[in-house]
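Descriptive analysis of the structure
As a plain string of letters, each chain reads:
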Amino acid sequence: MIHSRRLLALAAIVLLALSSGTAAASPPKSKTTAAAPAAPPPPPFEPLPPPKIYLFRGAMGPIFSTGMDRLEEKLTKAGFSANVYEFTICRWIGDRAISSYKESPAPIVLMGHSMGGLCSIVISEMAAKENIPISLVIAIDPAQATGDVPLNVERFINIFLSDSVLGGGDVVAVPGFRGHYASYDLKQNARVTHINIEKSDDIHRQIVEMVTQLPRIPPQTQADAVPLRYLVPADTLVELWDSGVRVPVRRGDTMESIAAANRVPLWTLAQSNSLPENAQLTPGQTIIVPRHLTPPEPAAAMATPPASPAARR
């Protein structure tokens, strides 16, 4: 019994010696700061469903707003769900659009001529009360009684004649609006009237291209979107930018070189920045440049609306 106890004590001493030697041979482990886990990459953007497009004629639309019917035909031919309506059933169509969105969410696009432009804002306001976004609103010489663009509109474009009696709606956005905004006053173009402004084949083509891009545009912050307001020079071809962006001036930059680098007319820089076309620039200042949500096609579409024998109204 005693012999067994001695053997156990001896074994304990040997184990203690081995563990001490191992500890002495091993250098102390330095404390390391655990690396912060890398932020997960953003999930890939999945294209949105095709937009649902609602177009509205103005007063006596079947006679004076036939351009909206032609635009609807082009959008339908391009594969979109597009329908044209009279502005007189504006709120009823608005209720249908809201119900359709709740059942199957898809981007909503609203376009209107004259009173139809007013209708587009009315439906946007209806959707705002339901917290439903409106992807794009295009007003074409809307009525002067047209309300302000609400916060739920992501992109707004107004093409109008400020001296028009039948239209002339210089639509602005509500305070705090952070979407894309562009306003084009064509009053200096003698060929454009209230009853042909919605019939421009070139503007139609640009609208179809813009709508085609919408499902492929990922969500993005609007913090850098600068509103654009242009008095388009007489006989100048129109390109539908939807907002501006601030570009830093580098050494050697001029108004002309910035316009050329961004493929925009010089007059747009002059108006956007309230500067003469030959203004001297200082490195470090910023210049507002018109832009598209996606790069324009190599040959940007710009053409003057068709002439009309009718007098300006």
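Per-chain numbering applies: the sequence of each chain, read as written, is numbered from 1 onward. Owing to the predicted nature of the model, reporting of local features is limited to residues with pLDDT of at least 70; listing and counting of side-chain atom pairs is limited to 80 or more, with chain, interface and lining totals taken over all residues. For side-chain calculations, the full set of non-hydrogen atoms in the structure is used, while hydrogens and water are omitted.

1. What to know about the overall build of the protein
Basically, it comes down to this: Secondary structure elements follow DSSP: runs of H or I of four or more residues count as helices, runs of E of two or more count as strands, with numbering from the N terminus. Throughout this description, buried means an accessible area under 20% of the type-specific maximum (1.4 Å probe, protein chains only), exposed means over 50%, and partly exposed covers the range between. Residues are treated as being in contact if the distance between any of their heavy atoms lies within 4.5 Å. Areas reported as accessible are Shrake-Rupley estimates using a 1.4 Å probe. Residue values count occlusion only from the protein chains shown.
Looking only at helices and strands, the protein features eight helices and nine strands. Across the 313 residues in the protein, those meeting the buried criterion constitute 44%. The long-range share in the protein, meaning contacts at least 24 apart out of those at least 6 apart in sequence, stands at 76%. A total accessible area of about 16,700 Å² is found for the protein, and carbon and sulfur atoms account for 60% of it.

2. Some thoughts on the pairing of strand β5 (residues 155–160)
So the rule is basically this: For two strands to count as paired, DSSP must find a minimum of two bridges between them.
Among the six residues of β5, six are classified as buried, and the element is accordingly described as predominantly covered. Because side chains alternate across β5, one face comprises the buried residues Arg155, Ile157 and Ile159, and the other comprises Phe156, Asn158 and Phe160, equally buried. As defined by bridge partners, strand β4 (residues 136–140) adjoins β5 across four bridges and the pair is classed as parallel. Looking at the pairing, Ala139 lines up with Asn158 of β5. In terms of strand pairing, β5 meets strand β6 (residues 180–185) through six bridges, oriented parallel. By the bridge assignment, Asn158 is partnered in β6 with Ser183.

3. Topic: the nonpolar core
Heads up, the condition is: Among buried residues, those of type Ala, Val, Leu, Ile, Met, Phe, Trp, Tyr and Cys that are joined through side-chain atoms within 4.5 Å constitute a nonpolar core.
In this structure, Ile53, Leu55, Leu75, Met111, Tyr184, Leu186 and Leu240 are the most contacted members of the largest nonpolar core, which totals 49 residues. The leading source of residues in this core is helix α6 (residues 201–213), at five residues. Among all residues touching Leu55, those that are not within four sequence positions of it are Met68, Leu71, Glu72, Leu75, Ala82, Asn83, Val84, Tyr85 and Met111. Tyr54, Val122, Ala139 and Val171 belong to the second-largest nonpolar core, a separate cluster that totals 27 residues.

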